[in-house]
Amino acid sequence: MALRELKVCLLGDTGVGKSSIVWRFVEDSFDPNINPTIGASFMTKTVQHQNELHKFLIWDTAGQERFRALAPMYYRGSAAAIIVYDITKEDSFQTLKNWVKELRQHGPPNIVVAIAGNKCDISDAREVPEKDAKDYADSIHAIFVETSAKNAININEVFIEISKRIPVADAVAETPGRGFKLGRQASESRRMCC
Amino acid sequence: MNEEYDVIVLGTGLTECILSGIMSVKGKKVLHMDRNPYYGAESASITPLEDLYKRFNLPGNPPESMGKGRDWNVDLVPKFLMANGQLVRMLLITQVTRYLDFKVIEGSYVYKGGKIFKVPSTETEALSSSLMGIFEKRRFRNFLIFVANFDENDPKTLEGIDPHKTSMRSIFQKFKLGQDVIDFTGHSLALYRTDDYLDLPCNEAINRIKLYSESLARYGKSPYLYPLYGLGELPQGFARLSAIYGGTYMLNKPIEEIIVENGKVVGVKSEGEIARCKQLICDPSYFKDRTKKIGQVIRVICVLSHPIQNTGDINSCQIIIPQNQVSRKHDIYVCMISFAHNVAAQGKYIAIASTTVETDNPEKEIKPALDLLEPIDQKFVSISDLLVPTDSGTDSQIFLSRSYDATTHFETTCDDIKNIYQRMTGTEFDFTEMERKQQDIFGDAAE
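Here the structure is a predicted model, which is why all the values come from computation and not from measurement.

### Looking at the overall build of chain B
At step 1: Along chain B, the regular secondary structure elements total twelve helices and 20 strands.
At step 2: The C-alpha radius of gyration of chain B comes to 23 Å, within 12% of the 22 Å expected for a compact globule of 447 residues.
At step 3: Taken along its principal axes, the extent of the C-alpha atoms in chain B is 70 × 60 × 55 Å.
At step 4: The 447 residues of chain B split such that 60% are buried.
At step 5: Carbon together with sulfur atoms contributes 47% to the accessible area of chain B, which is approximately 17,700 Å² in total.
At step 6: Seen as two clouds, the 51 positive and the 59 negative side-chain charges of chain B have centres 3 Å apart.

### Some thoughts on helix α5 (residues 134–149) of chain B
For the α-helix, the turn length of 3.6 residues means that residues three or four positions removed from each other point alike.
At step 1: Compared with an ideal rise of 1.5 Å per residue, which puts 16 residues at 22 Å, α5(B) spans 23 Å between its outermost C-alpha atoms and is within 8% of the ideal.
At step 2: Taken residue by residue, α5(B) has B:Glu136, B:Lys137, B:Phe140, B:Phe143, B:Phe146 and B:Val147 as its buried positions.

### Structural notes on the state of the cysteines
All names here are of chain B.
At step 1: On inspection of all chains with the given rule, the structure shows zero disulfides over all chains.
At step 2: Of all cysteine sulfurs in the structure, the one in Cys 282 sits closest to Cys 277, which takes part in no disulfide; the separation is 10 Å.
At step 3: Looking at the unpaired Cys 302, the closest cysteine sulfur is the one in Cys 335, lying at 12 Å.

### Considering the packing of helix α1 (residues 18–27) of chain A against helix α5 (residues 155–165) of chain A
Residues and elements named next belong to chain A.
At step 1: At their nearest, the axes of α1 and α5 sit 9 Å apart, and the two run at 85° to each other. The orientation of α1 with respect to α5, classified from their angle, is roughly perpendicular. Across from Ile 21, Arg 24 and Phe 25 in α1, the residues of α5 making contact are Ile 155, Asn 156 and Phe 159.

### Some details on the interface of chain A and chain B
At step 1: Taken together, the contact pairs 44 residues of chain A with 44 residues of chain B.
At step 2: Both faces combined, the contact of chain A with chain B buries some 3,800 Å², and carbon together with sulfur accounts for 54% of it.
At step 3: If you sort the residues of chain A by the area they bury against chain B, A:Phe42, A:Met73 and A:Leu182 come out on top, with a joint share of 19%.
At step 4: Across the contact surface, chain A and chain B share two salt bridges.
At step 5: Measuring nitrogen to oxygen at the nearest pair gives 2.6 Å for the salt bridge that ties A:Arg76 to B:Glu233.
At step 6: Put simply, the parts of the chain that give the side of chain A that touches chain B at least two residues each are α1, β2 (42–49), β3 (52–59), α2 (72–75), α3 (90–106) and α6 (186–192) of chain A.
At step 7: Ranked by residues supplied to the side of chain A that touches chain B, first place goes to β2(A) with five residues.

Conventions adopted
- Residues numbered from 1 in each chain as written.
- Chains lettered and ligands numbered in written order.
- Predicted model: local features only at pLDDT ≥ 70, side-chain atom pairs only at ≥ 80, totals over all residues.
- Heavy atoms only, no water.
- Helix = DSSP H or I, 4+ residues; strand = E, 2+ residues; numbered from the N terminus.
- Rg over C-alpha atoms; globule rule 2.2 N^0.38 Å.
- Buried < 20%, exposed > 50% of the residue type's maximum accessible area, 1.4 Å probe, protein only.
- Areas by Shrake-Rupley, 256 points an atom, 1.4 Å probe, with all protein chains shown as cover.
- Lys, Arg positive; Asp, Glu negative; His and termini not counted.
- Charge placed at Lys NZ, Arg CZ, Asp CG, Glu CD.
- Expected span 1.5 Å × (residues − 1).
- Disulfide = S-S within 2.5 Å.
- Axes fitted to C-alpha atoms, helices over the stretch in contact; angles between N-to-C directions.
- Parallel < 35°, antiparallel > 145°, perpendicular 65-115°, else oblique.
- Contact = heavy atoms within 4.5 Å.
- Buried area = accessible area lost by both parts, 1.4 Å probe.
- Salt bridge = Lys/Arg side-chain N within 4 Å of Asp/Glu carboxyl O.

See the structure below:
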């Protein structure tokens, strides 16, 4: 079965639950006291989609979103972006639009965008109506789901939807300059070299 | 921002970002700021192309023939990575290499008598190269075997020479190498920019040749590597490392004052707020009063629509113009990369010529390099001061980095990083200091 590596980057304000969503997806666990993102540099999970294996390489912000200091490297080569807001914080939905703008500016042109309204387990404190968010997502042709990393609601679904929207492999133009990763063994790197 | 940090770092150049990463990994609380809205400071890759035109005060926008502005990532300082050098070692130990993709530079060339020749990258190439006569080749081969076996701690390999006393000139004499081969070895393999090394102890020169051949052995073609999307990816990668270990990042922050009390740094003022710190790292542009000028470098960024002539149409290369070929004291370098590295629009090449300034007409000095590149679609000329700190910073706890020099790789940058580390901590730099202290790779990539 063909294996495809798909880079996914997370965007959204500090505290909306970006890391919790990844944590739930990758390790199927939840920590209410998760640190403001430090420590997780690289998270991966492989899922099957039709006759392909999709290996998601998930990049977390490492806190660099806090003062809007995400580097262009962060967006580079992403197949998809998940932009997260907190349904109990109107502010976090308003700034979502800035993240979309930022992504349009720095991200690859054909990136798949998913919008996740997180913390849907505490809808008593809801500030963002589901319909508003859905309408906005539709207007930018983005995937939309409300999620709860805490109660494991719709987390896998986000990634399933992303898999569906990723263009089929042979339709994707190969990027002109494919490089290789440095390894400790030269021979290993040479094998991967184009 | 109104907080207390162990270390504040100003400027997101490569040196600063690597030090920031090391300090964060060591558990220090780091605040890293840059006055510019982009990462990389002097070691940035400028994107889009429109910004490069603005930076060099060129009127109007790039012409349509330049393609999409966003396809460009133009380095301000031309350098390559030695495949077996210190920067690669730092990338591997920190695993920052996960964020980057590389390509091998396709060839290295040397200028002789108005023409360019390929620097032989294999023994077969060396034996068929027109750079040397047949007897010379045999003697050169013996010399290379001596260098390969050379270990300063193993007297058996030294053939009676003293690595710390015998001059490199005597080593060349010992192997009866002629002037051409000496020039070639000193400038294209040991990568010396002047001939001063000839009368210094041979240890350093021999180790430089070893670095060259070991780097070459790793991937073939050339000893150099280049990251896709430009050198500006390197500082970004180390900044991410620092952030993962808790470093705070702020761009576009005007730095109003570095606050010093009783001769010691206590904080930094930006936009009316003060962040306090015990130690400060910055590039020379943030504290010019504590720097002195030791020279100038001219760099000419040239956009081409063709590969360089007589290089077999490869999409990346280095050309060295040895000083004595053009009656100078310092070599001229050309580094060429292209659309194949995601730094230029389709079909475009970027060649950057650089050298140490010797006269008051630097553009004339660099002309021999530009002549090799014609026709040039667009030139961007810069003349930068080489600044170094006036003191070690151990009293003030303000540690300044050096400007990026005219060398063609990052070895001197790494030396500067190690040196600053030693000044900051009082202990000698050890690469293992950079090793990640916690497991931070999760999912099925975590082995």
